[in-house]
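# An overview of the molecular structure
Residues per chain are reported as follows:
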Amino acid sequence: MNPTTAVIGIVTVTLMGSAIAGLNATFKRSISGIGADVLYIQRFAWFMSESEWRASRNRRELTRQNARDIERLSDLARAVGVESNGSGTVEFERRRARGVFVAGNNEHCLDVRGLSLTAGRWLSASDVQVGRPVCVIGSYLAEKFFPFGGALGSKVKLNDMPYEVIGVLEKQGSFFTGENLDNQIVIPITRFTDNFSRWPDLTISVKVRDPAQMENAKEELTGILRKLRRVAPDQPDDFAINQQDALVSFFNRVGGTIAAVGLFITGLSLFVGGIGIMNIMFVSVAERTKEIGIRKAIGAKRRTILVQFLVEAATITFLAGLLGLAIAWPLTLVVDRYLAADMPWWLVAVALLVSILTGVISGFIPAWRAARLDPVDALRSE
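A brief structural summary. (Residues numbered from 1 in each chain as written. Predicted model: local features only at pLDDT ≥ 70, side-chain atom pairs only at ≥ 80, totals over all residues. Heavy atoms only, no water.)

### A few points about the overall build of the chain
What counts here: Strands here are runs of E lasting at least two residues and helices are runs of H or I lasting at least four, both read from the DSSP assignment and numbered beginning at the N terminus. Type-normalised accessible area, obtained with a 1.4 Å probe on protein chains alone, sets the label of each residue: buried when under 20%, exposed when over 50%, and partly exposed for intermediate values. In this description, contact between two residues means that some pair of their heavy atoms is separated by no more than 4.5 Å. With residues, only the protein chains shown are counted as cover, and all accessible areas are computed by Shrake-Rupley using a 1.4 Å probe.
Within the chain, the regular secondary structure consists of 13 helices and 10 strands. Taking all 382 residues of the chain together, the buried fraction comes to 44%. Here the contacts in the chain between residues at least 6 apart in sequence split such that 76% fall between residues at least 24 apart. Per element, the accessible surface of the chain, about 20400 Å² overall, is 58% carbon and sulfur.

### Thoughts on the pattern of salt bridges
Operational definition: Counted as salt bridges are all cases of a side-chain nitrogen of Lys or Arg within 4 Å of a carboxyl oxygen of Asp or Glu.
For the structure on display, the rule yields 11 salt bridges. One salt bridge in this structure joins Arg43 and Asp201, with 3.9 Å as the shortest N-O distance. In this pair, Arg43 sits in the loop between strand E1 (38-42) and helix H2 (50-56) while Asp201 sits in the loop between helix H7 (189-195) and strand E9 (203-208), placing the two residues 158 residues apart along the sequence. Classification of Arg43 as buried rests on a relative accessible area of 13%. Here Asp111 makes a salt bridge to Arg78, at a shortest N to O gap of 2.8 Å. Remark: Arg78 occurs in strand E2 (residues 77-92) and Asp111 occurs in helix H4 (residues 109-112); sequence separation between them is 33 residues. By relative accessible area, which is 34% here, Asp111 ends up partly exposed. What you see here is one network of salt bridges that share partners, running through Arg60, Arg229 and Asp238.

### Notes on the side chain of Lys207
Filter applied, for reference: Whenever two N or O atoms come within 3.5 Å, that pair is a polar contact, provided that in protein one can donate a hydrogen and the other can accept it, and provided that, for residues adjacent in sequence, both atoms are side-chain atoms.
Turning to its location among the elements, Lys207 is positioned in strand E9. The exposure class of Lys207 is buried, given its relative accessible area of 10%. A polar contact is formed between the side chain of Lys207 and the side chain of Asp37, at a distance of 3.2 Å. Once you skip the residues sitting within four places of it in the chain, Lys207 turns out to touch Asp37, Val38, Leu76, Ala77, Arg78, Ala79, Asp111 and Val112.

### Structural notes on a nonpolar patch on the surface
This is how it is decided: Think of a patch as exposed residues, more than 30% relative accessible area, with no salt bridge, where like charges cluster within 9 Å and nonpolar side chains (Val, Leu, Ile, Met, Phe, Trp, Tyr) cluster within 5 Å.
There is a patch of nonpolar side chains on the surface, built from Val261, Phe264, Ile265, Leu268, Phe271, Val272 and Ile275 and spanning about 660 Å² of accessible area. By secondary structure assignment, the location of Val261 is in helix H9 (residues 244-287).

### Some details on the environment of Trp199
Here Trp199 lies in the loop between H7 and E9. Along the sequence, Trp199 and Thr63 sit 136 residues apart, while their C-alpha atoms lie 8.9 Å from each other.

### Notes on the nonpolar core
Spelled out, the test is: For this analysis, a nonpolar core means a set of buried residues of the types Ala, Val, Leu, Ile, Met, Phe, Trp, Tyr and Cys, connected via side-chain atoms within 4.5 Å.
Counting residues in each nonpolar core, the largest one holds 51 residues, and the members touching the most others are Ile41, Ile70, Ile137, Val156 and Ile185. Ignoring any residue separated from it by four or fewer positions in sequence, one finds Ile41 in contact with Leu62, Ile70, Leu202, Thr203, Ile204, Val206, Leu221, Leu225, Ala240 and Ile241. Membership of the second largest hydrophobic core comes to 14 residues, among which are Ile280, Ile292, Ala313 and Ala367.

### Some details on unusual backbone geometry
Excluding glycine, most residues fall at negative phi; most peptide bonds, likewise, are trans. For Glu93, which is not glycine, the phi torsion reads 55° and is therefore positive. One non-glycine residue, Asn159, adopts positive backbone phi at about 50°. On the secondary structure map, Asn159 appears in the loop between strand E6 (155-158) and strand E7 (161-169). Look at Asn159 and you get partly exposed, because its relative accessible area is 36%.

### Let's talk about the packing of helix H3 (residues 64-73) against helix H8 (residues 214-228)
Defined as follows: Here, axes are lines fitted to C-alpha atoms. For helices the fit covers the stretch in contact, and angles between N-to-C directions go from 0 to 180 degrees. Angular relationships are summarised with four words: roughly parallel below 35 degrees, roughly antiparallel beyond 145, roughly perpendicular across 65 to 115, and oblique for the angles in between. The sense of a crossing depends on the near helix, which, turned anticlockwise from the far helix by less than a right angle, makes the crossing left-handed and, turned clockwise, makes it right-handed. Each residue gets one label: Ala, Val, Leu, Ile, Met, Phe, Trp, Tyr, Cys and Pro are nonpolar, Asp, Glu, Lys and Arg are charged, and the others, such as Gly, are polar.
Running from N to C, H3 and H8 cross one another at 130°; their axes reach a closest spacing of 11 Å. Taken together, the axes of H3 and H8 are oblique relative to one another. In the crossing of H3 with H8, the sense of the turn from one axis to the other is right-handed. Contacts between H3 and H8 involve Asn66, Asp69, Ile70 and Leu73 on the former and, on the latter, Glu220, Leu221, Ile224, Leu225 and Leu228. Within the contact of H3 with H8, the residues separate by chemical class into 6 nonpolar, 1 polar and 2 charged.

### Comments concerning the environment of Leu221
Structurally, Leu221 is set in helix H8. Accessibility expressed as a relative area gives 1% for Leu221, which makes it buried. Residues Leu221 and Val206 lie 15 residues apart in sequence; the distance between their C-alpha atoms is 9.2 Å.

### Quick word on helix H10 (residues 289-297)
To be explicit about the condition: Directions pointing from the helix axis toward each C-beta atom define the arc.
Of the residues making up H10, those classed as buried are Thr289, Ile292, Gly293 and Lys296. On an axial view of H10, the arc spanned by its buried residues comes to 100°, and they lie on one face. Just downstream of H10 lies Gly299, where phi reads positive at about 115°.

Next up, the structure:
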């Protein structure tokens, strides 16, 4: 038996921790774009059972007039955005990008979505009102089509329809689902309904003035919408108001399940590694019985023998931990290409600490046996 099993255990611990840390970091970065002070009014709730979906699948679409009425009637709303999305092909001269995220927005969505521009301007109220063929592009499209600059004022084609570029979004990265947020093009919602869908599935996003008033804002919006959509008092809402908390709660449940499975796998790996270290230490004690007898005969205390073998066991697993980290680091880089993975300094420290503790725990019984050897019996051994 050799320390290979311990190395495998540390690699497993590190990779699992890297995956969880990367997933958490990506989720937190992505969820910040949703906004803790934004309510999303949609036809359906984000997380529904099959029975709930069947009961609500015939709900009426939300309209831009609903959004205008909310903006007029709500006291707690700071800005009201109207959004819909799809996908399309964007072209500029001989360059082409397929599967681009197409967002139909109004003039308030820059604030509601928490976006920033690196160049140009956002959609204006007049752009949205008359449906001008203008667009704001993501940083990926800007780099792909205009590597040397000059995006503003250029004409790109979205599904063969020409649009003038009036702005470039700041780099956002990827959503935790893997979607590239920089591969997007934003056009007026009115143009979206003309070129993509006459009856799009709209999302009305409401940025609340005070985040502490989120529950009050939900109640206010519920009352406004039930009145606007003429929902009878004895009937359920024919819309849903979603917010960031629903995603956080769902992610925590999923993350907890992943962590539990990961804990079981890593615990099993470390247990197998610990058995290997224990066998090594038993062999070491057996081979050095006479040495132990001599040391005890000249006055070595049990505590000294115990500490010596515990240090040896911890040293073996510490070196195994270093080797495991050396193997896990490039594997983490590979995993990060396909899934979120990160190896922060605290994870390295935890991995090394776990490796040392594994050595101490696994080596305790052999070390205890060595410490309790009778010096006379030990000296007689061959």
